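Residue-level structural notes
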Amino acid sequence: MGRHWRPSRCRPSSPAARSERRRALTTERASGPDDERDQPARVAGAPDARFTLAAERTLLAWVRTSLGFLAGGVAIVYVAPDITDRALETTLGLVMVALGCAIAVMGGWRWRRTDRALREGGPMPGSSHLLVVVAAIVVIAVAIALTIVIGH
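What comes next is a walk through the structure. (Residues numbered from 1 in each chain as written. Predicted model: local features only at pLDDT ≥ 70, side-chain atom pairs only at ≥ 80, totals over all residues. Heavy atoms only, no water.)

Attention shifts here to the overall build of the chain. The helix and strand inventory of the chain stands at 4 helices and 0 strands. Helices and strands in the chain line up, N terminus first, as α-α-α-α. Expressed as a percentage of its 152 residues, the buried residues of the chain come to 20%. Across the chain, every contact between residues at least 6 apart in sequence was considered, and the portion connecting residues at least 24 apart equals 63%. Surface summary for the chain: the accessible area is close to 11700 Å², and the carbon and sulfur share equals 64%. (Helix = DSSP H or I, 4+ residues; strand = E, 2+ residues; numbered from the N terminus. Buried < 20%, exposed > 50% of the residue type's maximum accessible area, 1.4 Å probe, protein only. Contact = heavy atoms within 4.5 Å. Areas by Shrake-Rupley, 256 points an atom, 1.4 Å probe, with all protein chains shown as cover.)

Structural data, given as structure tokens:
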């Protein structure tokens, strides 16, 4: 049974017919639909909406991350019962809140740069500031871990 099963009413097509069908599909994909009225009007120089919406989703991810850090900072100060040193608790909470604010600002700044690059055709923003965020997250995690270990 090396061949695939086909219903009896379907006849295998010749190589020429398959080639013609493939060429028609490729031409249709390249040229688009026959009726151009089906397509929305595109403004010259306007970015594709998919890219704009992707940039907005990325901004929302930055905002979610920022809110997580803000909530974590508030939780450390007001909810965490394990930290006995009040100054350390307040410092950790304030650093997390400040980092949350910085992440929100960086996300907005990156979104503006991406939006401008999409509209004007310039280079996309780099990812160097992402390393700063990752380094800050690692420093905060180590500080919290040390606080927990030293506290017990």
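Continuing now.
With respect to the helices and strands, Gly-72 occurs in helix H2 (residues 49-78). With relative accessibility at 18%, the residue Gly-72 sits in the buried group.

This next bit is on helix H3 (residues 86-120). Helix length check: H3, at 35 residues, gives a terminal C-alpha distance of 51 Å against a target of 51 Å (1.5 Å per residue), a fit within 8%. Looking one or two places after H3, you find Gly-121, whose phi comes out positive at around 80°. (Expected span 1.5 Å × (residues − 1).)

This brings us to the packing of H2 against H3. Look at H2 against H3: their axes get within 7 Å of each other, and the N-to-C directions meet at 170°. Judged by the angle between their axes, H2 and H3 are roughly antiparallel. Of the residues that constitute the contact of H2 with H3, the class distribution is 19 nonpolar, 11 polar and 5 charged. (Axes fitted to C-alpha atoms, helices over the stretch in contact; angles between N-to-C directions. Parallel < 35°, antiparallel > 145°, perpendicular 65-115°, else oblique. Nonpolar A, V, L, I, M, F, W, Y, C, P; charged D, E, K, R; others polar.)

So, about the nonpolar core. In this structure, Trp-62, Phe-69, Ile-76, Leu-92, Met-96, Leu-99, Ile-103, Met-106, Val-133, Ala-136 and Ile-140 together form the largest nonpolar core, which totals 11 residues. When residues of this core are traced back to their parent elements, those giving at least two are H2, H3 and helix H4 (128-151). Counting residues per element, this core draws most heavily on H3, which supplies 5 residues. Not counting residues within four places of it along the chain, the set of residues in contact with Phe-69 comprises Met-96, Val-97, Leu-99, Gly-100, Ile-103 and Ile-137. (Core = buried A, V, L, I, M, F, W, Y, C linked by side-chain atoms within 4.5 Å.)

On the surface, a cluster of nonpolar side chains totalling about 480 Å² of accessible area is made up of Val-134, Val-138, Val-142, Leu-146 and Ile-150. Here Val-142 is to be found in helix H4. For Val-142, a relative accessible area of 46% gives the class partly exposed. (Patch = residues over 30% accessible without salt bridge, like charges linked within 9 Å, V, L, I, M, F, W, Y side chains within 5 Å. Salt bridge = Lys/Arg side-chain N within 4 Å of Asp/Glu carboxyl O.)

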